[in-house]
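The lines below spell out each chain.
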Amino acid sequence: MTTATPLDIAAIREQFPILSREVHGRPLVYLDNAATTQKPQSVIDALAGYYSTMNANIHRGLHTLAEEATTAYEDVRKQVAAFIGAPSHREIVFTRNTTESLNLLAYTLGARLRPGDEIVLTAAEHHSNLVPWQLVTQRTGAVLRFVELNDDQQIDVDTARAAINANTRIVSIVHMSNVLGSIAPVAEIAEMARSVGATMIVDAAQSAPHIPVDVNDLGADYVAFSAHKMLGPTGVGVLWGRRELLADLDPFLGGGEMISVVTREESSWAALPHKFEAGTPNIADVIAFGAALSFLNEVGMDKVAAHDAELTHYAVERLSRLEGLDIYGPADPADRSAVIAFNYRDIHSHDIATILDRSGIAVRAGHHCAQPLMRTLGVPATARASFYLYNERSEVDALVDGLLEAGERFGFERGA
Amino acid sequence: MAGNREAQNPVDLDDLYRDVILDHYRSPRNRGARDDASVSAEGFNPSCGDEIQLSVAIINGELSGLGFGGSGCSISQSSASMMTEAMTGRSIESAREMSQHIQQMLTDDEFDLDSVDLGDLEALSGVARFPVRIKCGLLAWKVLDQALANATGESVTDDSDIPTRVTSG
């Protein structure tokens, strides 16, 4: 990409203590960012700092610590709202992860469905945006329909149109595939959903870390993502929803914090977003997530996106030159970001991952929590390299060398 | 620290990818279901997708032939291939005993390699040094246990995370 000034990768890497460790005597090459990203010192410090200086339960204490912790927690809610262009921080619900955000929606929206109602997903869904809806169909008699991949292994407007019709009540699709790296035309699909009166949900677990995500541009009703895939700690998910829609939903979990008045017989609900945050939330990790968002803001999501795209382009180019290497997903590297799933020779991806690991290179291998997609692609499993803002070209080179070494071990000549 | 332990006792990829393992992976023996199978069983590793289908012909209490199908990594498939060779001609009891030995070898740090004559199956011992790959090596043997239990009408108690399913042949 030529639009943004390149990132100062060396300066960024210095802020991630784990990147200086060795694995099996070799420098760590961490290429499993689609699973989870590493954390900068500022996030680690925020986590320790919370417990060291202000640990208290929030929203109910009347003492100083409780007040400080509540303010810090609620400030991150505002930060998240600003990060995704949400009109109000009251539209931000903290959950455990993307999976819980999607389950919240499946549970509450699903309760309204009737036999014959249709829920539209895509062929590329992570299990987190498939299994909750399967549970809904079992409870309600609603049916699932799938947007298929086009010939270029992408979700496009035409394949979406074929799945959405007058019976569609919910459209819930992955924004950026954790296997194919492709980005779905969410805004156009949201328009189709609106035209048939369906609710539009976007699984942004992979997109929010890598490209600027603005809920207004997406035109969605709900968006879900996770902190740990964008430099934040594990245990924090986000659900954004339009205020009037969230207000109209029944609660998901009941308990403390989410109520207004409780009698022996019944209760009334707290105002948004607290209605959806039953019990003591993950205060420390939410506060540390704030440090992650600050980090990303300081770098700039435009630059992160440009860097990830450039590195992905370079990796696709180098990998495609290896004899016997198959890359899944769109043919043009410009149509994908940060994720490359592949198979090499006839070497199983677990063998690839084990051999790369001995060279300090961390990749994912297996079905990537997308078994139906693996069946669609006609492979039992793939290896996957995924990048983030601290990865550099030399690490792609190390990956290529590691693959050649794996090939040699399985009896292939070191070509390419 | 894991690093210190490794420095004292380095784990090499050669421990995992022994020549005999790679040979069985490239040229699997007894591939395919047996028409004369008395029992069959199948199993898979849900976390990684390795699959093994096993059919066993049993005549007068002896395993007269084994055939396997499935897909997966080199360790899961070569373990199955080696097993079909090594179990042919054994009694049910002897096959069970060897299965126990192999499973102990893969999972028990204290297992004494010199205590049993494992033949070529000894090549699987290196798998134990790669914790995430142990379940790949175990799969075929878990499936064998199921098939043999089916033959004798017993049930197998298995607390591993490998689901196996028994089908009658």
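Residues numbered from 1 in each chain as written. Chains lettered and ligands numbered in written order. Predicted model: local features only at pLDDT ≥ 70, side-chain atom pairs only at ≥ 80, totals over all residues. Heavy atoms only, no water.

Trainee: Summarise the overall build of chain B; cite the residues concerned and give the values.
Mentor: The secondary structure content of chain B amounts to six helices and four strands. When the helices and strands of chain B are listed from N to C terminus, the series reads α-α-α-β-β-β-α-α-α-β. Relative to its full complement of 169 residues, chain B shows a buried share of 46%. Partitioning the intrachain contacts of chain B with sequence separation of at least 6 by distance along the chain shows that 62% fall at a separation of at least 24. Accessible area for chain B stands at about 8,000 Å²; split by element, carbon and sulfur atoms hold 44% of it. (Helix = DSSP H or I, 4+ residues; strand = E, 2+ residues; numbered from the N terminus. Buried < 20%, exposed > 50% of the residue type's maximum accessible area, 1.4 Å probe, protein only. Contact = heavy atoms within 4.5 Å. Areas by Shrake-Rupley, 256 points an atom, 1.4 Å probe, with all protein chains shown as cover.)

Trainee: Residue-level account of the pattern of salt bridges, with values.
Mentor: When their charged atoms lie close together, side chains carrying opposite charge are able to pair. For the coordinates displayed, the defined rule picks out 24 salt bridges over all chains. For the salt bridge of Glu257 of chain A with Arg60 of chain A, the shortest nitrogen-to-oxygen distance reads 3.9 Å. A residue pair is termed long-range when its members are at least 10 positions apart, and Glu257 of chain A in the loop between α10 (243–248) and β11 (259–262) and Arg60 of chain A in the loop between α2 (41–53) and α3 (64–83) qualify at 197 residues. On the accessibility criterion, Arg60 of chain A (43% relative accessible area) is partly exposed. As a salt-bridge pair, Arg129 of chain B and Asp15 of chain B come within 3.0 Å of each other at their nearest N and O atoms. Remark: Asp15 of chain B occurs in helix α2 (residues 13–16) and Arg129 of chain B occurs in the loop between α5 (92–107) and α6 (134–152); sequence separation between them is 114 residues. A residue is classified by how much of its surface remains accessible, and Arg129 of chain B, at 30% relative accessible area, is partly exposed. Three or more residues are tied together by salt bridges with common partners; here these are Arg13, Glu392 and Glu395 of chain A. (Salt bridge = Lys/Arg side-chain N within 4 Å of Asp/Glu carboxyl O.)

Trainee: For the interface of chain B and chain A, give the residues involved together with the corresponding values.
Mentor: One frequent convention defines the size of an interface as the accessible area lost when the parts assemble. Each side of the interface is counted separately: chain B has 20 residues, and chain A has 16 residues. Counting the surface lost from both chain B and chain A, the interface buries some 1,500 Å², and carbon and sulfur atoms represent 52% of this. Taken together, the links from chain B to chain A amount to two salt bridges. In this structure, Arg133 of chain B and Asp351 of chain A form a salt bridge, with 2.7 Å as the shortest nitrogen-oxygen distance. Scanning the region where chain B abuts chain A turns up nine residue pairs in polar contact (both at pLDDT 80 or more). (Buried area = accessible area lost by both parts, 1.4 Å probe. Polar contact = N/O pair within 3.5 Å; in protein donor to acceptor, adjacent residues only side chain to side chain.)

Trainee: Which residues make up the environment of Asp326 of chain A, and what are the values?
Mentor: Residues and elements named next belong to chain A. For Asp326, the location among the structural elements is in strand β13 (residues 325–328). Using a relative accessible area of 45% as the deciding quantity, one classes Asp326 as partly exposed. Through-space distance from the C-alpha of Asp326 to that of Ala227 is 31 Å; in sequence the pair is 99 residues apart.

Trainee: I'd like a rundown of the packing of aromatic side chains, residues and numbers included.
Mentor: Enumeration over the complete set of coordinates arrives at eight aromatic pairs over all chains. Ring plane angle 80° and centroid distance 5.5 Å describe the contact between Phe16 of chain A and Phe295 of chain A, whose orientation is recorded as edge-to-face. Placement of the pair is Phe16 of chain A in the loop between α1 (9–13) and β1 (22–23) and Phe295 of chain A in helix α11 (residues 283–299), with a sequence separation of 279 residues. Here Phe16 of chain A and Phe295 of chain A have matching classes, each one buried. Ring geometry for Phe410 of chain A against Tyr25 of chain B: centres 5.8 Å apart, planes inclined by 85°, an arrangement best described as edge-to-face. One end of the pair, Phe410 of chain A, is in the segment after α15 (393–409); the other, Tyr25 of chain B, is in helix α3 (residues 19–26), on a second chain. Its relative accessible area of 4% is what places Phe410 of chain A among the buried residues. Its relative accessible area of 17% is what places Tyr25 of chain B among the buried residues. (Phe/Tyr/Trp six-rings, centres within 6.5 Å; stacked < 30°, edge-to-face > 60°.)

Trainee: Explain the pairing of strand β17 (residues 382–386) of chain A to me, and be specific about the residues and the numbers.
Mentor: All names here are of chain A. Burial of β17 is extensive: five of the five residues sit out of reach of the surface. Here β17 shows two buried faces, one formed by Thr382, Arg384 and Ser386 and the other by Ala383 and Ala385. As defined by bridge partners, strand β14 (residues 339–344) adjoins β17 across four bridges and the pair is classed as antiparallel. Considered in β17, the bridge of Ala341 is made with Arg384. Of the strand pairs in this sheet, strand β16 (residues 364–366) and β17 are connected by three bridges, and their pairing is antiparallel. Counterpart to Gly366 in the pairing with β17 is Thr382. (Pairing = 2+ DSSP bridges.)

Trainee: Give a detailed account of the environment of Val179 of chain A, specifying residues and quantitative values.
Mentor: All names here are of chain A. Counting through the fold element by element, Val179 comes out in the loop between β7 (168–174) and α7 (186–195). Through-space distance from the C-alpha of Val179 to that of Val339 is 6.6 Å; in sequence the pair is 160 residues apart. Not counting residues up to four positions away in its chain, the partners in contact with Val179 are Val339, Ala341, His368, Ala370, Leu373, Met374 and Leu377.

Trainee: Would you mind going over helix α13 (residues 349–357) of chain A in detail, with residue names and values included?
Mentor: Burial runs high along α13 of chain A: eight of the nine residues are buried. Along α13 of chain A, the residues that are buried comprise Ser349, His350, Asp351, Ile352, Ala353, Thr354, Ile355 and Leu356 of chain A.

Trainee: Talk me through the sheet that holds β13 of chain A; I want residue IDs and the actual numbers.
Mentor: Residue and element names in this part refer to chain A. Read across the sheet, four strands follow the order β13-β14-β17-β16 without closing on themselves; strand pairing throughout is antiparallel. Edge strands, defined here as strands with exactly one partner in the open sheet, are β13 and β16. Between one strand and the next, the sheet's axes are offset by a mean angle of 30°, whatever the strand orientation. Most of the contacts of α13 go to β16, to which it runs at about 155°, and overall it touches β14, β16 and β17. Contacting β13, β14 and β17, α15 crosses the sheet at an angle of about 20° to β14. (Axes fitted to C-alpha atoms, helices over the stretch in contact; angles between N-to-C directions.)

Trainee: Explain the side chain of Arg77 of chain A to me, using residue names and the numbers behind them.
Mentor: All names here are of chain A. Along the polypeptide, Arg77 turns up in helix α3. Reaching out from Arg77, the side chain makes a polar contact with the backbone oxygen of Ile92 at a distance of 2.7 Å. What Arg77 contacts, discounting residues up to four positions off in sequence, is His89, Ile92, Val93, Phe94, Pro273, His274 and Glu277.

Trainee: Outline α15 of chain A, listing residues and values.
Mentor: Residues and elements named next belong to chain A. With 17 residues, α15 should cover 24 Å at 1.5 Å per step; its first-to-last C-alpha distance of 25 Å lies within 8% of that length. For α15, every residue scored as buried is listed here: Glu395, Val396, Leu399, Val400, Gly402, Leu403, Leu404, Ala406, Gly407 and Arg409. Phi for Gly411, located one or two positions after α15, is positive at around 90°. (Expected span 1.5 Å × (residues − 1).)

Trainee: Can you tell me about the packing of α5 of chain B against α6 of chain B, naming the residues and giving the values?
Mentor: All names here are of chain B. Closest axis-to-axis distance for the α5/α6 pair is 10 Å, and the angle between their directions is 155°. Considering the angle they form, α5 stands roughly antiparallel to α6. In terms of crossing hand, the pair formed by α5 and α6 is left-handed. Along its contact with α5, which presents Ile92, Ala95, Arg96, Met98, Ser99, Gln100, Ile102, Gln103, Leu106 and Thr107, the element α6 presents Ile134, Gly137, Leu138, Trp141, Lys142, Leu144, Asp145, Leu148, Ala149, Ala151 and Thr152. Its residues assigned to classes, the contact of α5 with α6 shows twelve nonpolar, six polar and three charged. (Parallel < 35°, antiparallel > 145°, perpendicular 65-115°, else oblique. Left-handed = near helix turned anticlockwise from the far one by under 90°. Nonpolar A, V, L, I, M, F, W, Y, C, P; charged D, E, K, R; others polar.)

Trainee: Lay out the confidence of the model for chain B with the relevant residues and their values.
Mentor: Residues and elements named next belong to chain B. Residues with a pLDDT of 70 or more make up 89% of chain B, whose mean pLDDT is 89. Mean pLDDT in chain B bottoms out at helix α1 (residues 2–8), which sits at 47, and peaks at helix α4 (residues 74–87), which reaches 97. ipTM for the predicted complex: 0.86, alongside a pTM of 0.93. (pLDDT = per-residue confidence, 0-100.)

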